[in-house]
Amino acid sequence: MSSMQGSAVLRDARRIVVKVGSSLVTNEGRGLDEKAIGEWCRQLALLVRDGREVVMVSSGAIAEGMKRLGWRVRPHEIHELQAAAAVGQMGLAQVYESKLRENGMGSAQVLLTHADLADRERYLNARSTLMTLLALGVVPVINENDTVVTDEIKFGDNDTLGALVANLVEADALVILTDQKGLYTADPRKDPEARFVDEAAAGDPALEAMAGGAGSSIGRGGMITKILAAKRAAGSGASTVIAWGREPDALLRLTRGESIGTLLVAQTAKHQARKRWMADHLQLRGAVSVDAGAAVKLRTEGKSLLPIGMTAIEGEFSRGDVIAIRDERGVELGRGLANYSSVEARMLCRKPSSEFERLLGYVAEPEMVHRDNMVLMYS
Ligand code: GLU
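Criteria and thresholds
- Residues numbered from 1 in each chain as written.
- Predicted model: local features only at pLDDT ≥ 70, side-chain atom pairs only at ≥ 80, totals over all residues.
- Heavy atoms only, no water.
- Pairing = 2+ DSSP bridges.
- Helix = DSSP H or I, 4+ residues; strand = E, 2+ residues; numbered from the N terminus.
- Axes fitted to C-alpha atoms, helices over the stretch in contact; angles between N-to-C directions.
- Near = heavy atom within 4 Å.
- Areas by Shrake-Rupley, 256 points an atom, 1.4 Å probe, with all protein chains shown as cover.
- Nonpolar A, V, L, I, M, F, W, Y, C, P; charged D, E, K, R; others polar.
- Buried < 20%, exposed > 50% of the residue type's maximum accessible area, 1.4 Å probe, protein only.
- Polar contact = N/O pair within 3.5 Å; in protein donor to acceptor, adjacent residues only side chain to side chain.
- Contact = heavy atoms within 4.5 Å.
- pLDDT = per-residue confidence, 0-100.
- Salt bridge = Lys/Arg side-chain N within 4 Å of Asp/Glu carboxyl O.
- Expected span 1.5 Å × (residues − 1).

In a beta sheet, neighbouring strands pair by backbone hydrogen bonds and run either parallel or antiparallel. Read from one edge of the open sheet, 8 strands run β3-β4-β2-β1-β5-β9-β10-β8, paired in mixed fashion. Here the strands that pair on one side only, and so sit at the sheet edges, are β3 (107-112) and β8 (199-201). The average undirected angle you get between the axes of adjacent strands in this sheet is 20 degrees. Pairing between strand β1 (residues 15-20) and strand β2 (residues 53-58): 6 bridges, direction parallel. Pairing of Ile16 across the sheet is with Val54, part of β2.

Moving on, we get to the site of the ligand. The environment of the ligand is formed by 14 residues, the closest being Ala61, Ile62, Arg74, Asn143 and Asp146. With the chains in place, 100% of the 290 Å² that the ligand exposes on its own is no longer accessible. Split into classes, the residues belonging to the shell around the ligand amount to 4 nonpolar, 5 polar and 5 charged.

Of note, Thr255 is situated in helix α12 (residues 250-255). A relative accessible area of 7% means that Thr255 is categorised as buried. Within the structure, the side chain of Thr255 is placed 2.9 Å from the backbone oxygen of Leu252, a separation counted as a polar contact. Discounting residues that sit within four places of it in the chain, Thr255 has contacts with Leu10, Arg11, Ile16, Leu47 and Arg52.

Before going further, it helps to examine the sheet that holds strand β15 (residues 374-376). Strand order in this open sheet of 5 strands is β12-β11-β13-β14-β15, and the pairing throughout is mixed. With one partner strand each, in any of the chains shown, β12 (310-314) and β15 form the two edges of the open sheet. Strand after strand, the sheet turns through a mean of 25 degrees between neighbouring axes, direction not considered. With 5 bridges connecting them, strand β13 (residues 322-326) and strand β14 (residues 332-337) associate as antiparallel partners. Within β14, the position partnered with Ala324 by the bridge is Arg335.

A few words on the confidence of the model for the protein chain. Detail in the predicted coordinates should be disregarded across regions flagged by low pLDDT. Summing up the model confidence of the protein chain, the mean pLDDT is 90 and the portion of residues at 70 or higher is 93%. Within the protein chain, helix α13 (residues 270-281) has the poorest average pLDDT of any element, 70, and β2 the best, 98. Predicted confidence is poor over residues 213-219, with pLDDT under 50, and the contacts of this stretch with residues over four places away or in other chains come to 17 contacts.

As a further point, take unusual backbone geometry. For Asn158, which is not a glycine, the phi torsion comes out positive at approximately 75 degrees. One non-glycine residue, Arg350, lies in positive phi territory at about 70 degrees. Looking at where Arg350 falls in the secondary structure, it is placed in the loop between α15 (342-348) and α16 (356-360).

Another point: the pattern of salt bridges. For the structure on display, the rule yields 29 salt bridges. Residue Glu301 is joined to Lys303 by a salt bridge in which the shortest nitrogen-to-oxygen separation is 3.3 Å. By relative accessible area, Glu301 is classed as partly exposed at 42%. On the basis of relative accessibility, which here comes to 38%, the residue Lys303 falls in the partly exposed class. Residue Arg346 is joined to Glu316 by a salt bridge in which the shortest nitrogen-to-oxygen separation is 3.4 Å. One end of the pair, Arg346, is in helix α15; the other, Glu316, is in the loop between β12 and β13, and 30 residues separate them in sequence. Judged by its relative accessible area of 38%, Arg346 is partly exposed.

This brings us to helix α7 (residues 120-135). Here α7 is 16 residues long and its end C-alpha atoms lie 22 Å apart, about the 22 Å a rise of 1.5 Å per residue gives. Among the residues making up α7, those that are buried are Tyr123, Leu124, Ala126, Arg127, Leu130, Met131, Leu133 and Leu134. A positive phi of about 75 degrees marks Gly137, the residue just after α7.

This part takes up the side chain of Glu53. Looking at the secondary structure, you find Glu53 in strand β2. Residues contacting Glu53, with those up to four places away along its chain left out, are Arg14, Arg15, Ile16 and Leu134.

Laid out in structure tokens, this is it:
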């Protein structure tokens, strides 16, 4: 792929996930680097004003917590690391909140785990919350919920979480800011032949061999977790850039089409990736039949499935399960993730969304299956 195409990836990206690692956020462990965080927040605000949506995934809770607790050496006991994360997260959230506010932006703290995103119901819940925050123009600031899980403490320093979030919000791009300029073919400190990689295909197995070395002592992620994160992000069609976090205006320049760092290009388009994901990962739990009007809306108008268009519900399913959508003759139109369980769906059948609250006592979403979580048979 030529670098012309490559530079267009970030320029055209509408929804971007930015991940920053501990050593950058905490200035190599010397406490939160407010100036650096302020710089990223300034750029994020400009990107939002430019009509883009941005999500920040930031580590640094453990490093900041260690500083606040007066610990010079990273403890080995996981529960101590978790305690440090809980202490440090207070400071982390505070700095992001004030820096985003200084730049006229609202912010929201979201703590997630890998398991949350593997569970379909929690996945839908997290997705709805993040999509709502983005629609409100608020910048979500995400970290792992280190109190309840330890995936990113053990390895990754949130690289994997960044990719999972890119999958979750179906981002166009994941930008991993780190303390290196990007990816080299070998360790440049040891091998004079090492060359910088400007661009490669995400998921290319040769990349994993290049990135063998370990990370810095402050964060947990080396290059390898970044390469694997890029592969995972590409699974939902997001390309990844690995760039130096102190590069002036890195985010603004990337979105102007400048080539900075290493670009790992997703090989599958977003809608194709979503189809494959639905086909690969999900087992059918039930079905809904829809009337002729709803069938037309789905087939030709690109709309979501609303309960008012449903005529019958088959099977027992929960929120987040995959269901088939059939037309009046029983022909499968498509499949998607149910926002309501089969029990709720039977109550909502043929009903307008204005009645949901009276019928259920709450409203999750107006759609039975949102368009973004749906794959049509012949699209
Ligand atoms: N989620 C952790 C943090 O923000 C990961 C970083 C680490 O393991 O040092 O501190």
